[in-house]
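The chain contents come next:
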Amino acid sequence: MTKPTCLLLLATLGLHAAEPPVPAKIEFNRDVQPILSDNCFYCHGNDPKHREADLRLDIRDEAVKAEAFIPGKAAKSELVSRIFTADADDLMPPPDSHKKLTQRQKDILKKWIDQGAAYQQHWSYEKPVKAAIPAGKNGVDVLVQQRLAQIGLKPSPQADARTLIRRLYLDLIGLPPKPEEVAAFEKDASPAAYAKLVESLLKNPHYGERMAIGWLDVVRFADTIGYHSDNPHNVWPYRDYVIQSFNSNKHFDRFTLEQIAGDLLPDATQETRVGSAFNRLLLSTEEGGAQAKDYEQRMLTDRVRAVGNAWMGQTTGCCQCHDHKFDPWTQRDFYSLGAFFADIKEPILGRREPGILVLDAAGQKRQADIAERLTLLQAEFAKPRPELAPAQAEWEKQALEAVTASGMWQPLKQVTASSAKKNVTLKADKEGVVRGTIDAKRNERKQNDGTDTYTLSTKLALGTTGIRIEALKEKLPGIGLASNGNFVLSEVTLTGGKNKLPVAFASATYEQKTFPAATAIDGIADKKENGWGVLGATGADQSLYLELAAPVTEANAAVKLTLTFGWGENHEIANLRLSSTNSPKPIRAPGTSLPAAEIAGILKTEPEKRTLEQKQKLTAAYKQIAPELNDLRAKIATVEKEKADFENNAPKCIVSISDTTKRTVRILPRGNWMDESGEVVKADLPGYLPKPKIEGRDLTRLDLAQWLVSKDNPLTARTVMNRLWKQFFGTGLSKVLDDLGAQGEPPVNPALLDWLACEFMDSGWDMQHMIRIIANSATYQQVSTSTKALTAADPYNRECARQSPFRLDAELVRDNALTISGLLVPKIGGPSVKPYQPAKYWENLNFPTREWQNDSGESLYRRGLYTWWQRSFTHPSMLAFDAPSREECVAERNRSNIPQQALVLLNDPTYVEAARVFAARILTESNGDANQRITWAVQQALQRKPSSEELKTLSALFAQQLADYKKDPAATVELLKTGAAPVSPNLNSSELAAWAHVARVILNLHETITRS
Amino acid sequence: MHSTSAQTRRAFLGRTTQGLGSVALASLLQPQLLNAASRGVLGTLPLPQKAKRVIWLTMAGGPSQLELFDHKPKLAEMDGKPMPESFTKGQQLAQLQGQKLVCKGPMFRFQKYGKCQTELSELLPHIGGVADDICLVRSMTTDAINHDPAHMFMNTGAQIAGRPSMGSWVTYGLGCEADDLPGFVVMMSTGKGRNPQPIAARQWNSGFLPSKYQGVQLRSLGDPVLYLTSPNGVTRERQGRDFAAINALNKQHAALCDDPEIATRIAQYEMAFQMQASVPELMDIRGEGAKTLELYGCQPGDGSFASNCLLARRLAERGTRFIQLYHRDWDHHSLLKEELPLRAKEVDQACAALIKDLKQRGMFDDTLIVFSGEFGRTPMAQGNKGPIGRDHHNKAMSMWLAGAGIQRGVTFGSTDDLGYAAQENTTTVHDLHATMLHQLGIQHDAFSFKFQGLDARLSGVEGAKVIQKILA
């Protein structure tokens, strides 16, 4: 029998080994509560709606009152006779529950009643008690060894230096050490060397990345909304916030406040607001037909589950429909907790908003600079300008004439409008005004090329001689959709039926220099610089007047106007109106643009009758078109464009913004959102835990956050320390990381978890302080190999009489291979990236359909945690290694071992490229014969020398593959083409290909992807 | 019959291992380890196992039962008239919420098929041809009314992400009979229609169950399984050498540290290497013969639903436990009259062919086939999205089951006169799951996995019932 099989057998034996003896002194939390919870509470627990025989066993007084048992008298207790009976009708748990007590469990219950049936409060709801640790001793070691002594186990020896440094690197920064770093550490005999290494890794900027991975799972951070179309939302700055928070060792209490209530803090900053994006990380939908009430409920429950899971290790999900069956959570607690988030401003359905700008120091400087320049220009523009009075008087005269002449024009009210590319959405109202808006979705998906063509259909009266297109100044800063308020009309054509209606002359109320009206009818539609533009006068209506070559000869003639806007950057008219006239030729634009209706009204009023306000309005209107101010207006438009462009391109993040009106939160009977009969609840903290008295005001998210990290809260510190323990030992002290409630597992070493929780709180929630204690403990530094006796006694290494080996997390599998190959780009932070992903992996996405575009350059080689996280189709290479989709909070990732992992490490271009680039390193950075090079390569990957057997296997592989490739040069070319990294022309390609195979084998080894 | 499929599998394995040549991989491995990896957790089953495998045909988007399965003459009479408020008041609607509700009569004719005289649409002549083999359920209901949650509910019994899909549950419980193919396989085809609804990979995720029970998507484009194909320039022989070296080194390493994970890893590399041969062989239907291709109505490599049905049969033969086929684009809010016949044509012949083919191979009796959408459609017209269609509906939907101990040639349950709500033998998705598990020999209410303190079950915690009346 081989060793692994033998071990498996042992493990199996461990599972089914004879049950441990019933303890002499029964302890409720350790021995009784798990039995009652799993077997009895479903019908005799906290949920009154599901309670049978009006009996509850979770409260001692109630159980005694109902005569379930008589303390001290097991023989006379109903409970005991019910669990021991052979009569299926009386047996508890009833056979149809499919629950069955073991003999040991029955004996425990019996003995417990005989001993007086003492209850304890559930362990995790009691305040943690801090064990006294002798001065100068490591608390972890003291408490682990105390426990080991009780159960008769001895700690294992310290691991060798190479194992220790590799372990520390992978645990603390998630990257392997370089061979020279290992050598230096091995050489350093000073007693402080190890602690020094821990310190330096805590200061390493990659520490934050390593720590972020787990937290991002817990808060379900992803780049997309999750439901249905699974479109992107802007949240990546939150990921960087988490990394930076760990790197600056932001204490966990502050970290909590910022995430739950970063917008409500008195000292709120951009950083804390980005932290508050936590509240926005939930799933949302853009599905047509989705009902707001339905998703309002989904979002509320999503948030409650998240907070329950991430901070409290509580499974609140069941309380959406009913009181918890095992824990003291009530449905009221659930919805009251949800009510804390009722103030968050957000669309319930549809597209998320772009979010706040997230600027670094340089960005903030640039923003301030633009604002300052704009303010100066606007102040300059606002200055009183008496020198313009004569010109204004002349304009008033002309404008009044234009208004009078305008009586000859009839607005065309029946207009239909459509855009060819749909980059602009057009809508015509009853008055014939056509309004265009840039399609946000196409814009965001980068499908908008910035140009479009409008088609307007209307009817013309018999004898029409001219058409006017008015670009109207409405709510936007300008009359064009471009960020500077401009448009460029490349060409306008008129067709009636199949025939073109020729235009004889075009004139405009204003023409931008080199963009005259005549170019809009010159037959050239596809030249960028050729068209009618209005920069310098975008603050007022401007019109294009078209004189038809011949009057319209039929009544009610259908006509189609085609307006081409070819300049780009959405230089399209925002709002427009068509009019026609039967005036005799020539049809010419008035000397000035037709003033807006309000100004026209003022002009019609005799000058002496005008009020001061009216006069000011006239002056302001004139300023918008005064030729004397053309330059200044153009300058303002340019800076406004700069501002808009800057803001469009700046990183953004959706964050928490507190709305003054809160959503109403009701208890939903059976979780049914259509049932509005439930009581309205306000934000409140769970009833079963100690909580502060706050009176006279509504509770806020800040209260919730403060309560979570108050010393009276028995759950948070335990939950966080339990998860931290898993990072360093492979399993939590309480194995079920997301449930510290009745159905979870009482910790194997309760004193240790309590001590860690207390020390964490006493240190001011200092994460690095705790890591320092754990990493420096002798417990942590033990070997991860086991002995037969130890495996038999503690097969899952719950007692920590040794370390545990475990596979690296998905992101780190990638980081490790990229580091070994030398491809890793160690840049920290920034937008999520798109490394290679199989084509068509997204083919089942829709609204819109999408195809993943591989990034290029350094974005192909970033650490795994920066990979674009598409919730509905998580990157398959990461998924194979158990990266969660992050649709729900995940405290504990699976650690599976499946064939897809082999396929990924062997065939994913990321790993093939890593292998061939590693091969190039082998050829260029190492010397000597094949064995010497193999030795070098193994050291790069595993930080140790290969054994002679390993050398033999690898050198034989190298020789075989080399001989094979020498016969097949075409294959080497094919292999070496994988991935975007360049291939050095100086290397022999069959050798490189053969080394790529050796490298590939090394990258695939179990040891390579394992931290031991 | 069982021996037939076992034999096929052995022959199949024999073929694939030929490629190994001198690379004697199998010797590196204790075969029992591999078997252990594919065995289910349930061991001896409490109930007789009528179904050895499931082929689940998901018509994604929600086909209209009122044009396909549930004939409502009364609704035809009411065509164009307001929907009586007594039916719809206070009900959950999707895109018709707040709109004027008008009845829409069936847009296609119905006729009686088979000895059983089951009434089915004129659009389903082939399924009609096997009407005596299927059990039509007209009284199914579901909880969800939007696509994504409704698929989740149909696949996992819950509307919260992170629950295992039914294929994962089944392979977790029963394991897989194939040594070189995944136990849970998903295939996707898209109607040549307009704008199919998206399908997320979570629909075949293993949720809180171990990842090895995750559904593996077999794709008609690119690598049939992601990352299946060796890199360019790497022949099977070169790949085999690497596999052998990796496993040899892992074995050497295992001798130094007692970590059972290494043995598992070696086994998984074995499996991966076998899959690299077995999956392309599986996907290659060119050897099926003209008669079979004609029966299904497909061409090799066309990526059609019909091709996938044929592949489903091949998977079934090779021991895959749960095979789920999606055919997309049944979401007919508009253009129902124009689009529905196209979708029906894409699946009708192939579904019938699958039944006939399984029958002629003696596998129909132990294969459970389920044909269902994620919800039904309203008897009310939807006119706000262009030419008439129907909205999502969860009060009534139709579906059918066949094979593996399901009654043949029967209709179960009915809806009210207008087809608005199930009224006789109303049944639920949880009941459907319970029934499926029952046929697989699994007691649904005892089949659970502890998750967040709860004994989570596919069939939910609210007392699902096996639909006894449709069992033979």
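Whatever comes next refers back to the structure up there.
Residues numbered from 1 in each chain as written. Chains lettered and ligands numbered in written order. Predicted model: local features only at pLDDT ≥ 70, side-chain atom pairs only at ≥ 80, totals over all residues.

(A) Region of the structure containing the overall build of chain A. On a plain count of helices and strands, chain A comes out with 35 helices and 18 strands. Counted over contacts in chain A with a minimum sequence separation of 6, partners at least 24 positions apart contribute 74%. (Helix = DSSP H or I, 4+ residues; strand = E, 2+ residues; numbered from the N terminus. Contact = placed C-beta atoms within 7 Å.)

(B) Here's a closer look at the nonpolar core. Ranked by internal contacts, the top residues of the largest apolar core, which has 315 residues, are Val-998 and Ala-999 of chain A together with Cys-309 and Leu-401 of chain B. Ignoring any residue separated from it by four or fewer positions in sequence, one finds Leu-401 of chain B in contact with Ile-134, Cys-135, Val-137, Leu-368, Ile-369, Val-370, Ile-406 and Ile-470 of chain B. Listed in part, the 63 residues of the second largest apolar core include Val-415, Leu-535, Leu-546 and Leu-594 of chain A. (Core = buried A, V, L, I, M, F, W, Y, C linked by C-beta atoms within 7 Å. Buried ≥ 20, exposed ≤ 12 C-beta atoms within 10 Å, placed from the backbone.)

(C) Region of the structure containing the interface of chain A and chain B. Each side of the interface is counted separately: chain A has 82 residues, and chain B has 68 residues. Those elements that place two or more of their residues in the side of chain A that touches chain B are helix H1 (3-16), helix H30 (899-907), helix H33 (948-966), helix H34 (969-976) and helix H35 (989-1004) of chain A. Considering each element in turn, the side of chain A that touches chain B owes the most residues, 8 residues, to H33 of chain A. Considering only residue class, the side of chain A that touches chain B consists of 30 nonpolar, 35 polar and 17 charged. (Nonpolar A, V, L, I, M, F, W, Y, C, P; charged D, E, K, R; others polar.)

(D) The sheet that holds strand E14 (residues 557-565) of chain A, seen in detail. Residues and elements named next belong to chain A. Pairing is antiparallel in the open sheet, where 5 strands are placed in the order E3-E6-E14-E9-E10. Each edge of the sheet is formed by a strand with only one pairing partner; in this case those strands are strand E3 (416-419) and strand E10 (499-501). Averaged over all pairs of adjacent strands, the angle between strand axes in this sheet comes to 25°, irrespective of strand direction. As defined by bridge partners, E3 adjoins strand E6 (residues 452-460) across 4 bridges and the pair is classed as antiparallel. Note on E6: the bridge partner recorded for Thr-416 is Ser-457. (Pairing = 2+ DSSP bridges. Axes fitted to C-alpha atoms, helices over the stretch in contact; angles between N-to-C directions.)

(E) View of unusual backbone geometry. Residues and elements named next belong to chain A. The linkage connecting Met-92 with the following residue, Pro-93, adopts the cis geometry, with an omega of -15°. The linkage connecting Lys-585 with the following residue, Pro-586, adopts the cis geometry, with an omega of -10°. Topologically, Pro-586 is positioned in the loop between strand E15 (575-581) and helix H20 (597-604). If you check the backbone angles, Asn-249 has positive phi at about 50° while not being a glycine. Looking at the secondary structure, you find Asn-249 in the loop between helix H12 (236-247) and helix H13 (252-261).

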